[in-house]
Amino acid sequence: MCGIVGYIGKNTAWPVLIKGLERLEYRGYDSAGIALLEGGTFSVYKKKGRVAELSKFAKSHNELSGGVGIAHTRWATHGVPSDANAHPHLSNGGDIVIVHNGIIENYLSIKKVLIGKGYKFKSDTDTEVLANLIEDIKKNGSAGRQIPIDEAVRLALAEVTGAYAILVLSKDEPGTMVVAKVGSPAVIGIGNGEFFIASDATPIVEHTKKVVYLEDGEMAVIKDGKLSLKTIKNKVRKNLYVHTLKTKIEELEKGGFPHFMLKEIFDQPESLRNTMRGRIVMDKGNVKFGGVEKFNKEFKNLEHLTIIGMGTARFSGLIGEYAFEELAGIPVKVEYGSEFTYRSVANGRHAGLIAISQSGETADTLNAIKKAKEEKLLTLGIVNVIGSSIARVVDAGIYNHVGPETAVASTKATTSQALLFVMLAIYLGRMRDLSKSDGQKILKEIQKLPEYVESILKHANLIKKLAKKYKKYKNFFFLGRKYNAGAAMEGALKLKECSYIHAEGCNAAELKHGPISLIDKDFPSLVIAPTDSMYEKNKSHIQEIKARGGKVIVLTTEGNKELKNVADDVIYIPKTLEMLTPILAFVPMQLLAYYIAVEKGNDVDKPRNLAKSVTVE
Ligand code: F6R
């Protein structure tokens, strides 16, 4: 969480930084700040609230010149959201300024030592401690003589534990910016005599397509227009590995929609096409994933799979679980990344781990992959953000290719994740007993998904009407069976995070084992009940709710008239294969969450207390 941006070059830093913060606001938005190096001193502007407020505040205070600056948008970890806790943080002597994404775990012990030396602290943050540690080391570096800022940063980092991506400036060395990272991301854009640094490539792409990704334990020193890389242990990296960005600017804009979330919901026909593009090999009833082929032997021998992810990503994994078991006969366990890291792994030989993450930066998931690698598991990533930490750490990877997802609530990445799970299940199935014709049958249906989603989106207005009707409720159940149990959990998550309505996602069969006691006229349920193998069971669940006075919205298959008189409201999705129904069911549930949030006047793209990329454990 938190986004960092830096600029050093021949132009004015302010516009690059403020625009960059807007692009990174999805990473945290409880306060924001900018430090500019102007005429040998730092001007620091910081404010509780959104980047727009910072912009107004700073503009009313000064002319914002300066060709060097660093900026930050915060998701609070240490200390409440406030002006004082906002970054950047200055050191006591005003020589050092720093922005930081991550957590310094041993900051309290360092703070104690610094207080003993007379340092004073204005904030509750771990970051201000690091700023002062760097200043202290810089001042007293070598035989009481000042040392260069890059060396001071390096020595300071050798003393800290935790996760960080930091940008550091010293007023004594105006031509130098230091970047370092462990566990949090940092990308460096190389322009023409200028450098752009950010937590991800989105603030960089409109300035340059050439980027270098910093690896864990590395630092970049930009000095007098030159970039060099070394490790915190002081080993120089000679090869810069310059990557070329493919993201287009239009993909980062709202394209006429009032919110990113609505745009991204409506992107789904296209994003699903992009997910499957070039990957379907119809004549073989199979799929092709360039990034995994070299591990075909290992995939063929796989005897057990663990899928890990957090939030929405894990719910997509619950769909993968059924698909792998049905099409490939591989036993699957779906686990929170956060928990996998801390349990005793007894996977045995031929076990694999699939990590699923839109951002590719989720710390809980990333740590679980590291653990899996220690345990010698084959690791595969399903990731959207190209070049992200997870994409780089796994043995093999499959990209979603849905383009940037900006709204905090995941939508187009979710449908793509579920689709990739089914496609991967076909791939693993075809290595085993899945016949070519069965593979072809599923792939033909997969190819129709974009059209099916288009037809659902045509009726978005009906969901808007439902949103008006149901916005008054304080509680909601989302229920489903088999493939749609995970989809129900995702529907509930979407509603709660966007609309702040308490919602529980639950396997519909589980209802009668306890949760049903909550049902009354004020506790409606949305039941995902397509006409599939679970339909009869779902009909009973609906009756059980109705018998207790609960309202029911049913999400069922087009043409099914049977539930019209039973349910209070019905939403239709096109008929497809059972394993693909969650992909269609997601869409109306996303719309419902979106429209209720809009009705309630919530900040849809940036719901309170959240951040899109959760880079702390
Ligand atoms: C909910 C949502 C989150 C994320 C979760 C994992 O709409 O987006 O629950 O799914 O934080 O994020 P990624 O997929 O980036 O690892």
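Given the structure is predicted, the values throughout are model-derived calculations rather than measurements.

### Some remarks on the domain arrangement of the protein
Here is step 1 of the chain: Taken as a whole, the protein is organised into domain 1 (3-251), domain 2 (255-458) and domain 3 (460-602).
Here is step 2 of the chain: Relative to domain 2, the C-alpha centre of domain 1 lies at a distance of 34 Å.
Here is step 3 of the chain: Listed per partner, the contact involves 11 residues of domain 1 and 11 residues of domain 2.
Here is step 4 of the chain: Buried surface at the junction of domain 1 and domain 2, both sides included, amounts to about 900 Å², of which 52% is carbon and sulfur.
Here is step 5 of the chain: Considering only the side of domain 1, the residues that lose the most area to domain 2 are Tyr-26, Tyr-213 and Glu-251, jointly responsible for 45% of the buried surface there.
Here is step 6 of the chain: For the pair domain 1 and domain 2, the number of links is 2 salt bridges.
Here is step 7 of the chain: Residue Arg-392 is joined to Glu-215 by a salt bridge in which the shortest nitrogen-to-oxygen separation is 3.1 Å.
Here is step 8 of the chain: Joining domain 1 to domain 2, the criterion identifies 1 residue pair in polar contact (both at pLDDT 80 or more).
Here is step 9 of the chain: Partitioning the side of domain 1 that touches domain 2 into residue classes produces 5 nonpolar, 2 polar and 4 charged.

### A few points about the nonpolar core
Here is step 1 of the chain: Membership of the largest hydrophobic core comes to 94 residues, with the highest contact counts inside it found for Phe-324, Leu-424, Leu-428 and Ile-446.
Here is step 2 of the chain: Counting residues per element, this core draws most heavily on helix 18 (residues 581-599), which supplies 13 residues.
Here is step 3 of the chain: Both domains that furnish three or more residues to this core are identified here as domain 2 (255-458) and domain 3 (460-602).
Here is step 4 of the chain: If sequence neighbours within four positions are ignored, Ile-446 has contacts with Met-276, Ile-280, Leu-419, Val-422, Met-423, Ile-426 and Leu-580.

### Brief notes about the side chain of Thr-362
Here is step 1 of the chain: In this structure, Thr-362 sits in the loop between strand 20 (351-357) and helix 11 (363-374).
Here is step 2 of the chain: Note on Thr-362: relative accessible area 14%, which makes it buried.
Here is step 3 of the chain: If we ignore the near neighbours within four places in the chain, the residues touching Thr-362 are Met-310, Ser-357, Ile-390 and Val-614.

### With respect to the sheet that holds strand 24 (residues 502-507)
Here is step 1 of the chain: Ordered in space as 24-23-25-26-27, the 5 strands form an open sheet in which the pairing is parallel. Two strands in the sheet have a free side with no partner beyond their single neighbour: strand 24 and strand 27 (569-573). The average undirected angle you get between the axes of adjacent strands in this sheet is 20 degrees.
Here is step 2 of the chain: Pairing of strand 26 (residues 552-557) with strand 27 involves 5 bridges; the strand directions are parallel. Note that in strand 27 the partner of Ile-553 across the bridge is Asp-569.
Here is step 3 of the chain: Sheet contacts for helix 16 (residues 483-499): strand 23 (475-480), strand 24 and strand 25 (525-528); angle to strand 24, the most-contacted strand, approximately 175 degrees.

### As for helix 17 (residues 535-547)
Every α-helix carries 3.6 residues per turn, so stepping three or four residues along brings you back to the same face.
Here is step 1 of the chain: Here helix 17 contains 13 residues, and its C-alpha end-to-end distance of 18 Å stays within 8% of the 18 Å for a straight helix at 1.5 Å per residue.
Here is step 2 of the chain: Listed as buried for helix 17 are Tyr-535, Asn-538, His-541, Ile-542 and Ile-545. Axial view of helix 17: buried residues confined to an arc of 115 degrees, hence all on one face. Exposed and oriented more than 90 degrees from the buried face of helix 17 are Glu-536 and Ala-547.
Here is step 3 of the chain: On its buried face, helix 17 sits against strand 23, strand 25 and strand 26.
Here is step 4 of the chain: A positive backbone phi angle near 80 degrees is found at Gly-549, which sits one or two residues after helix 17.

### Describing the pairing of strand 1 (residues 3-8)
Here is step 1 of the chain: Within strand 1, 6 of the 6 residues are buried, which leaves the element mostly enclosed by the surrounding structure.
Here is step 2 of the chain: Taking every second residue as pointing to the same face, both faces of strand 1 are buried, with Gly-3, Val-5 and Tyr-7 on one and Ile-4, Gly-6 and Ile-8 on the other.
Here is step 3 of the chain: Two elements, strand 1 and strand 4 (residues 68-74), share 6 bridges in a ladder whose sense is antiparallel. Each bridged residue has a counterpart across the sheet, and for Tyr-7 the counterpart in strand 4 is Gly-69.
Here is step 4 of the chain: Direction of pairing for strand 1 relative to strand 10 (residues 195-198): antiparallel, over a ladder of 4 bridges. Its bridge partner lying in strand 10, Tyr-7 is registered against Phe-196.

### Considerations on the pattern of salt bridges
Here is step 1 of the chain: Considering all chains together, one arrives at 36 salt bridges under this definition.
Here is step 2 of the chain: Put simply, Lys-117 and Asp-136 hold a salt bridge, and the shortest N to O gap is 2.6 Å. Here Asp-136 lies in helix 4 (residues 126-140) and Lys-117 lies in the loop between helix 3 (107-116) and helix 4, a separation of 19 residues in the sequence.
Here is step 3 of the chain: The salt bridge involving Lys-139 is made with Glu-135; its shortest N-O contact spans 4.0 Å. One end of the pair is Lys-139 and the other is Glu-135, both in helix 4 and 4 residues apart, which spans about a single turn.
Here is step 4 of the chain: Look at Lys-139 and you get partly exposed, because its relative accessible area is 39%.
Here is step 5 of the chain: A single network of salt bridges, built from pairs that share partners, joins Asp-95, Lys-138, Asp-172 and Glu-173.

Conventions and cut-offs
- Residues numbered from 1 in each chain as written.
- Predicted model: local features only at pLDDT ≥ 70, side-chain atom pairs only at ≥ 80, totals over all residues.
- Heavy atoms only, no water.
- Domains from an automatic or database assignment.
- Contact = heavy atoms within 4.5 Å.
- Buried area = accessible area lost by both parts, 1.4 Å probe.
- Salt bridge = Lys/Arg side-chain N within 4 Å of Asp/Glu carboxyl O.
- Polar contact = N/O pair within 3.5 Å; in protein donor to acceptor, adjacent residues only side chain to side chain.
- Nonpolar A, V, L, I, M, F, W, Y, C, P; charged D, E, K, R; others polar.
- Core = buried A, V, L, I, M, F, W, Y, C linked by side-chain atoms within 4.5 Å.
- Buried < 20%, exposed > 50% of the residue type's maximum accessible area, 1.4 Å probe, protein only.
- Helix = DSSP H or I, 4+ residues; strand = E, 2+ residues; numbered from the N terminus.
- Pairing = 2+ DSSP bridges.
- Axes fitted to C-alpha atoms, helices over the stretch in contact; angles between N-to-C directions.
- Expected span 1.5 Å × (residues − 1).
- Arc of directions from axis to C-beta.

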